[in-house]
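# Report on the structure
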Amino acid sequence: MSQTLRTPQALRNAGLISPDAMPELERVAARYAVAVTPAMAELIDPADPNDPIARQFIPTAAELDSQPQEDADPVGDRAHSPVEGVVHRYPDRVLLKLTHTCAVYCRFCFRREMVGPGGEGGLTGEALDAALAYIAATPAVWEVVITGGDPLILSPRRLADVMARLAAIEHVKVVRFHTRIPVVDPAAITPELIGALKSPAQAVYVALHANHARELTPTARAACARIVDAGLPMLGQTVLLRGVNDDAATLGALMRAFVETRIKPYYLHHADLAPGTAHLRAAIAEGQAVMKALRGDLSGLCQPLYVLDIPGGHGKVPVGPTYLAADGMQVEDPQGEMHGYKG
Ligand code: SF4
């Protein structure tokens, strides 16, 4: 397989969906973008109806069922966008969304109504000028999170231009890229691309979104090693997904794979209320139980923070589990036993 699969017919030809599913999946694909890179298509076991890689990327008819609580903009990007391409939700940081294109389209994407060929596209030159002018005029902005879409799909020349312009803004001290490219298209992590991410003036972090240890193939690990060896620390971001990673053994294996790859697990996101994604969402109580099991079993280095982005754009908060009883006098140990505390 040498090309990204972008249509139900291409998925059918690759043996990744059955002929009976085609009519419904054509309807799904007309609404939500589809793309499965060769690296991800090769990881899928077509004989396994519950393959965790397939669940992330292969469309299903369940996406046609939207629930009343779901929202086209579940984390409130639009309500916090002062200029096109910028989301300013927290005082000291902004999102800078350079593009709404991705190498793959995840079936649970919280921006699924914005990304893809029918989505919001990329920033024009004028819109980028206005976005950078907003950041330059807002001294509280200490960190710029470059996201999308997937910014690492852009050319090194375009990224280097944005980085040079950010480097000229003195109050911006940290730039963070959010990407799936090192996993879904590891060959794209070239020396030119890595060079474009570097800054003479700011600390640069690369946050990798991955949801299952199988995504961290030797090739993907080598791509991450090129980034870390170039001096760019990496963070891991994961979405808790039903049937993909909602058990402690699977999630723990992913967290260990991150740390072995010199990627510090950062957030475990509770899946957002994006339309047509109910079949992939676990309950918060299930996420807390998985986190408790990780705390009992795994090194502290392997512990992500389990967070919920409060619907409507009210911000991201940790959602537990908690270990201290409400009276502050009892604390639970990792094995579930309570102990008195008199501090
Ligand atoms: S890579 Fe990120 S932005 Fe793109 S479809 Fe997946 S979750 Fe959405």
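Parameters at a glance
Residues numbered from 1 in each chain as written. Predicted model: local features only at pLDDT ≥ 70, side-chain atom pairs only at ≥ 80, totals over all residues. Heavy atoms only, no water. Helix = DSSP H or I, 4+ residues; strand = E, 2+ residues; numbered from the N terminus. Buried < 20%, exposed > 50% of the residue type's maximum accessible area, 1.4 Å probe, protein only. Contact = heavy atoms within 4.5 Å. Near = heavy atom within 4 Å. Nonpolar A, V, L, I, M, F, W, Y, C, P; charged D, E, K, R; others polar. Axes fitted to C-alpha atoms, helices over the stretch in contact; angles between N-to-C directions. Parallel < 35°, antiparallel > 145°, perpendicular 65-115°, else oblique. Left-handed = near helix turned anticlockwise from the far one by under 90°. Phe/Tyr/Trp six-rings, centres within 6.5 Å; stacked < 30°, edge-to-face > 60°. Pairing = 2+ DSSP bridges. Salt bridge = Lys/Arg side-chain N within 4 Å of Asp/Glu carboxyl O.

### Structural notes on the environment of Ala168
As for its position among the elements, Ala168 is in the loop between helix H6 (156–167) and strand E4 (174–179). By relative accessible area, Ala168 is classed as exposed at 64%. Between the C-alpha atom of Ala168 and that of Ala187, which follows or precedes it by 19 residues, the distance is 30 Å.

### A few points about the environment of Leu273
Mapped onto the elements, Leu273 comes out in the loop between strand E7 (263–270) and helix H11 (284–297). For Leu273, a relative accessible area of 22% puts it in the partly exposed group. Discounting chain neighbours no more than four positions away, the residues touching Leu273 are Gln69, Glu70, Asp71, Pro74, Arg281 and Pro311.

### Remarks on the site of the ligand
Taken together, Cys102, Val104, Tyr105, Cys106, Cys109, Gly149, Arg180 and His209 make up the full set of residues adjacent to the ligand. When its residues are assigned to classes, the shell around the ligand shows five nonpolar, two polar and one charged.

### Side note on the packing of helix H10 (residues 248–260) against H11
To describe two helices that pack against each other, one gives the angle between their axes and the distance between the axes. It is at 9 Å that the axes of H10 and H11 come closest, and there the two elements cross at 55°. Classed by the angle they form, the pair H10 and H11 counts as oblique. Remark: the crossing between H10 and H11 carries right-handed chirality. Across the interface between the two elements, Ala248, Leu251, Gly252, Met255 and Arg256 of H10 pack against Val290, Ala293, Leu294 and Asp297 of H11.

### A look at the packing of aromatic side chains
On inspection of all chains with the given rule, the structure shows one aromatic pair. Note on Tyr266 and Tyr267: the rings are 4.0 Å apart at their centroids and 20° apart in plane angle, and the pair reads as stacked. Here Tyr267 falls in the buried class, since its relative accessible area comes to 16%.

### Section: the environment of Ser155
Here Ser155 is to be found in the loop between strand E3 (143–147) and H6. On the basis of relative accessible area, Ser155 is assigned to the partly exposed category, the value being 34%. In this structure the C-alpha to C-alpha distance between Ser155 and Ala210, which are 55 residues apart in sequence, comes to 22 Å.

### Things to note about the sheet that holds strand E2 (residues 93–97)
Neighbouring strands of a sheet are bound in pairs by backbone hydrogen bonds; such pairs are parallel or else antiparallel. Overall, mixed pairing links the nine strands, which are arranged E1-E2-E3-E4-E5-E6-E7-E8-E9 in an open sheet. Looking along the sheet, the strands with just one partner apiece sit at the ends: strand E1 (86–90) and strand E9 (316–318). Along the sheet, successive strands turn relative to each other by an average axial angle of 30°, direction set aside. Relative to E9, strand E8 (residues 305–309) runs antiparallel, the two being bridged by three bridges. Bridge pairing in E9 places Asp309 opposite Lys316. With respect to the sheet, helix H5 (residues 125–136) is in contact with E1, E2 and E3, its orientation differing from that of E2 by roughly 170°. Against the sheet, helix H9 (residues 218–229) touches strand E5 (203–209), strand E6 (234–240) and E7, its axis set at about 135° to E6.

### Some thoughts on the pattern of salt bridges
Following the criterion strictly, the structure yields 19 salt bridges and no others. As a salt-bridge pair, Arg107 and Glu63 come within 2.9 Å of each other at their nearest N and O atoms. In this pair, Arg107 sits in the loop between E2 and H5 while Glu63 sits in the loop between helix H4 (52–57) and E1, placing the two residues 44 residues apart along the sequence. A relative accessible area of 1% means that Arg107 is categorised as buried. Overall, the relative accessible area of 1% leaves Glu63 in the buried class. Across the salt bridge formed by Arg176 and Glu143, the nearest N and O atoms sit 2.9 Å from each other. Taken together, the residues Arg176 in strand E4 and Glu143 in strand E3 connect sequence positions 33 residues apart. The residues Arg176 and Glu143 share a single accessibility class, namely buried. A single salt-bridge network, built from bridges that share partners, covers Asp77, Arg89, Lys97 and Arg111.

Keep in mind that these numbers describe shape and distance, not what the molecule does.
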